[in-house]
Amino acid sequence: AKSDHSGGFFSAHSALSYTLEDCFLFFSSFDYDFLYEARFEEKEANSLDLRVESYDTHFLRTELGLKMVKDVGIPPESCLQFLGGLSWVYKTPLERIKRNAKLADFTGQAPTLSVNAFEDSISFFSTELSLNYGVSFCNVSVGYKGEFSKDFMTNQADLQLSFAF
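Now for a quick tour of the structure. Per chain, residue numbering runs from 1 following the sequence as it is written. Two thresholds apply to this predicted model, a pLDDT of at least 70 for residue-level local features and 80 or more for giving and counting side-chain atom pairs, whereas whole-chain, interface and lining totals are computed over all residues. Side-chain calculation: all heavy atoms of the structure are included, whereas hydrogens and water are not.

Side note on a nonpolar patch on the surface
Stage number 1. The patches reported here contain residues having more than 30% relative accessible area and no salt bridge. Joining distances are 9 Å for like charges and 5 Å for nonpolar side chains (Val, Leu, Ile, Met, Phe, Trp, Tyr). Each accessible area value is a Shrake-Rupley result obtained with a 1.4 Å probe; residue values ignore everything except the protein chains displayed when judging cover. Salt bridge, as used here, is a side-chain nitrogen of Lys or Arg placed within 4 Å of a carboxyl oxygen of Asp or Glu. Together, Tyr 18, Leu 20, Phe 24, Phe 26, Leu 66 and Met 68 make up a nonpolar patch on the protein surface, roughly 540 Å² of accessible area in all.
Stage number 2. Elements supplying a minimum of two residues to the nonpolar patch: β1 (7-20), β2 (24-37) and β5 (55-73).
Stage number 3. Secondary structure elements follow DSSP: runs of H or I no shorter than four residues count as helices, runs of E no shorter than two count as strands, and numbering proceeds from the N terminus. Considering the arrangement of structural elements, one finds Leu 66 in strand β5.
Stage number 4. Taking relative accessible area as the criterion, Leu 66 reaches 33% and is therefore assigned partly exposed. Using a 1.4 Å probe on the protein chains alone, a residue whose accessible area is under 20% of its type maximum counts as buried, one over 50% counts as exposed, and one in between counts as partly exposed.

Pasting the structure below:
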């Protein structure tokens, strides 16, 4: 089955860090994450298409890691910076999630399918690499972040361009 999803995400973040020898950064962070998933409907499963009701999820996320930051001096008023990091992440849900769904093509009063979904706590490794170049009026950044465990892998790449005015 296929479906289109929409929703919202909110996160509160706090962190502590300690810098060693101007280039190593030991850190720990603690996050509260809230995810809202709007109602959606599955398609292309024929008579088994489901209409899934909206729900929300609350998680706590703890991260411990090490980053290496190296500034390279280049001509005046510009800066080149390399960043690499490795961390361990532990994520745990705060509550059981009840997900309700009905058969989408059912005429009349469709019976509700209800699942008490409790996602287990997970731990995984996270890596990040970035290259930043800046001059007095402009900054360019290229980055990568990956999360890896025995059950999943996520990859994220970004390009940022900012101007001071």
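Having seen the model, we can carry on.
Comments concerning the environment of Pro 76
Stage number 1. Here Pro 76 shows up in the loop between β5 and β6 (78-93).
Stage number 2. Pro 76 sits in the exposed class, given a relative accessible area of 76%.

Thoughts on the packing of aromatic side chains
Stage number 1. Centres within 6.5 Å make a pair out of two Phe, Tyr or Trp rings, where for Trp the six-membered ring is used; the pair is then stacked when the planes are under 30 degrees apart, edge-to-face when over 60, and tilted otherwise. Inspection of every chain in the model, using the stated rule, returns 2 aromatic pairs.
Stage number 2. Plain terms: the ring middles of Trp 88 and Tyr 90 are 6.1 Å apart, the flat faces sit at 20° to each other, and that makes the pair stacked.
Stage number 3. Looking at Tyr 90, the relative accessible area reads 34%, which means it is partly exposed.
Stage number 4. Seen from the ring of Phe 27, Lys 67 lies directly overhead, with NZ or CZ sitting 5.0 Å from the centre.
Stage number 5. Sitting over a ring, as applied to charges here, requires NZ of Lys or CZ of Arg to be within 6 Å of the ring centre and within 35 degrees of the ring normal. Stacked on the ring of Phe 59, the Lys or Arg Lys 91 has its end atom at 4.8 Å from the ring centre.

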